[in-house]
Amino acid sequence: MLNDRLRQAILTAQRERKSVTLLVMDMNGFKEVNDTLGHEGGDQLLQQVALRLESLLRPSDTMARLGGDEFAVLPAGEAGSEGGAMTARKILAALEPPFAIVDRSIQASVSIGIAVYPDHGQDALTLLRHADVAMYIAKPAGRGYAVYAPRQADHDTARLELTAELRHAIGHDELVLHFQPKIDLRIGKTIGVEALVRWRHPKRGLMPPDQFIPAAEGNDLIRPLTRWVLDRTLRQCRLWLESGLDVGVAVNLSGRNLVDADLPTMTRELLDTWRVDPGKLNVDLTEGSILAAPAIKTLKHLGAIGIGLALDHFGSGFSSLAHLKRLPFREVKIDRSFIARMSGEEGISVVRPMIDLGHTMGLKVVAAGVEDQGTLDRLRAIGCDSAQGFYLCAPIPAADLTIWMQRSVWGLVE
Ligand code: C2E
């Protein structure tokens, strides 16, 4: 029906030299709602959102559900970008009050993309596609809505290309893991290794994670990517164990992983497959990723399996200490920006209380990004438990690290 009305509206506008405005929206975090309240709860939310939209639109406007949690609105008559933006603001305001779903109060939010005929597309399909692009621009910007701008098209094409290539890369072993050791400062020996993913891109060479993890996080690719990282890390752990190298492994998880209710089961299965004790696996998480309620549930589940949790970038965010105390964390990792400033007294006076705070909460403290002997000595003197950094060993391929662990003074305990 939407396609039909959109085509009609475009034909009329063409004849009368007028414009047509299309709004496309989807809900933010709808998957989490489904995961926590079940599909019935998700359905109820969609119905209530639809009712609120309906009550704010005019009877002559068209509203459609595109599928899943995506809706479209086609206002009757000429609205232009400004009119579209006004409708978007009205929609955002209408959805602000919480929804009562399954005895719970749920805060829903949407991202809205706006495209206008003839400026942003000459036919219905192009207009829909461009409204969609604008919606994806609105989402991370957190502004609620965005009007299509042609330069977004380049951004969109590049992002789509990268995503398609990454999907291929995961299935064709183009990803590689490098491992960086973590050294216990008391005994001066390696107690674990952190897996860091890279992409051996056929044209662009070895790409660092910052260049493709955000693209994976923007869609569900982060799931297969994380599965791949976990699988290869645990496999490597098994190989090390079999060659007599008893070392724990750590992986990084994205916030997006934590709202995936299947993550603990998948992790458990991979631990079983590679016969690795859960206590040998650590996961590093950033503060931002643990704030959502479904994430906390997943974290508790991971903790209950016996997996170690570490809070990454400690000090750089807004650590809610109460929050930390309630979660099964074992370790905090002081952000390398603080460690880099440790050459002076002032820098030490910032890091020391962070270490003390971690210890007061019963947590181990790791320093990230140690780049010289002086920093290492100072960290040891102020009671830091362990350290990672280029000075000790940069992230390197597994085969190189195996040799390093056997030969370095900081290698494994004999
Ligand atoms: P991170 O967890 O903070 O990882 C540490 C980063 O610091 C790594 O960068 C590492 O190479 C770098 N590093 C280590 N020692 C030093 C040092 O002494 N000095 C300096 N300047 N840097 C040091 P990398 O490998 O580029 O990773 C960047 C980020 O990408 C990671 O930050 C992590 O957040 C993310 N990441 C890496 N692998 C994965 C993964 O498998 N999954 C997810 N979700 N994220 C990943």
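Residues numbered from 1 in each chain as written. Predicted model: local features only at pLDDT ≥ 70, side-chain atom pairs only at ≥ 80, totals over all residues. Heavy atoms only, no water.

## A word on the site of the ligand
Formally: Working definition: residue near molecule or strand if any one of its non-hydrogen atoms lies within 4 Å of it. We define a polar contact as two N or O atoms separated by no more than 3.5 Å, with the added condition that, inside protein, one atom must be a possible hydrogen donor and the other a possible acceptor, whereas residues neighbouring each other in sequence contribute only through side-chain atom pairs. Method for areas: the Shrake-Rupley scheme with a 1.4 Å probe, in which residue coverage is limited to the protein chains shown.
Taken together, 21 residues surround the ligand, and among them Arg198, Asn252, Arg336, Glu371 and Phe390 come closest. Contact between the ligand and Gln180: a nitrogen atom at 3.1 Å from a side-chain N or O atom of the residue. Between Asp312 and the ligand, the recorded distance is 3.1 Å, taken from a side-chain N or O atom to an oxygen atom. Summarising the interface, the protein chains cover 83% of the accessible area of the ligand, which totals 810 Å² for the free molecule.

## Some points on the pattern of salt bridges
The test is simple: Salt bridge, as applied in this entry: a Lys or Arg side-chain nitrogen positioned within 4 Å of an Asp or Glu carboxyl oxygen. Each helix is a run of H or I in the DSSP string that is no shorter than four residues. Each strand is a run of E no shorter than two, and both are numbered from the N terminus.
Tallying each qualifying case throughout the model produces 16 salt bridges. Of the charged contacts in the structure, one is a salt bridge between Glu194 and Lys333, with a shortest N-O distance of 2.9 Å. Note that Glu194 is positioned in strand E9 (residues 189-201) and Lys333 in strand E14 (residues 329-334), a separation of 139 residues in sequence. One network of salt bridges, with partners in common, ties together Asp173, Asp231 and Arg232.

## Focus: the packing of helix H2 (residues 30-56) against helix H3 (residues 80-94)
Rule in force here: Geometry is summarised by axes, namely lines fitted to C-alpha atoms with helices restricted to the contacting stretch, and by angles between N-to-C directions that run from 0 to 180 degrees. By the definition adopted for this analysis, an angle is roughly parallel if under 35 degrees, roughly antiparallel if over 145, roughly perpendicular if from 65 to 115, and oblique otherwise. Helix crossings get a hand from a simple test, with the near helix turned counterclockwise from the far one by less than a right angle marking a left-handed crossing and a clockwise turn marking a right-handed one. The contact definition used throughout considers only heavy atoms, calling two residues in contact when any of these lie within 4.5 Å. Note on residue categories: nonpolar means Ala, Val, Leu, Ile, Met, Phe, Trp, Tyr, Cys or Pro, charged means Asp, Glu, Lys or Arg, and polar means any other residue, Gly included.
Close contact between H2 and H3 brings their axes to 10 Å; oriented N to C, the two are set at 135°. Considered as vectors, H2 and H3 are oriented oblique to each other. Seen along the crossing, H2 lies across H3 with a hand that is right-handed. Across from Arg52, Leu53 and Leu56 in H2, the residues of H3 making contact are Lys90, Ile91 and Ala94. Here the contact of H2 with H3 is composed, by residue class, of 4 nonpolar, no polar and 2 charged.

## A few points about the environment of Ala149
Tracing the backbone shows Ala149 in the loop between strand E7 (145-147) and helix H5 (150-171). For the pair Ala149 and Gly83, spaced 66 residues apart in the sequence, the C-alpha separation amounts to 16 Å.

## Focus: the domain arrangement of the chain
The condition is simple: Per the annotation, domain bounds derive from an automatic or database assignment of domains. By buried area we mean how much accessible surface two parts lose on assembly, using a 1.4 Å probe and totalling the loss over both.
What the domain assignment lists for the chain is domain 1 (2-148) and domain 2 (160-407). On a C-alpha basis, the centres of domain 1 and domain 2 stand 39 Å from each other. Taken together, the 4 residues of domain 1 in the interface contact 5 residues of domain 2. A combined buried area of about 430 Å² lies between domain 1 and domain 2, and 61% of that area is made up of carbon and sulfur atoms. Of all residues in domain 1, Lys31, Glu32 and Asp35 give up the largest surface area on contact with domain 2, accounting jointly for 76% of the area buried on that side. Run the count over domain 1 and domain 2 and you get 0 salt bridges. On inspection of domain 1 and its partner domain 2, the count reaches 0 residue pairs in polar contact (both at pLDDT 80 or more).

## Quick notes on unusual backbone geometry
Peptide bonds are trans in most cases, and residues, glycine excluded, mostly fall at negative phi. Here the amide bond leading from Tyr117 into Pro118 is cis, since omega sits at 5°, within 30 degrees of zero. Relative to the elements of secondary structure, Pro118 occurs in the loop between strand E6 (110-117) and helix H4 (124-141).

## Focus on the packing of aromatic side chains
Put simply, the rule is: Aromatic rings from Phe, Tyr and Trp, with only the six-membered ring used for Trp, were paired whenever their centres fell within 6.5 Å, and each pair was classed as stacked if the ring planes differed by under 30 degrees, edge-to-face if by over 60, and tilted otherwise. Categorising residues by exposure relies on relative accessible area from a 1.4 Å probe, with only protein chains included: less than 20% of the type maximum marks a residue as buried, more than 50% marks it as exposed, and the intermediate range marks it as partly exposed. Both a distance and an angle decide whether a charge sits over a ring: NZ of Lys or CZ of Arg must be within 6 Å of the ring centre and within 35 degrees of the ring normal.
Across all of its chains, the model carries 3 aromatic pairs by this definition. Judged by centre distance (5.2 Å) and plane angle (75°), the ring pair of Phe179 and Trp240 falls under edge-to-face. Of the two residues, Phe179 sits in strand E8 (residues 175-184) while Trp240 sits in helix H7 (residues 222-242), which places them 61 residues apart along the sequence. You'll find Phe179 and Trp240 in the same group, each marked buried. The aromatic ring of Phe99 is capped on one face by Arg52, whose charged end is 3.7 Å from the ring centroid.

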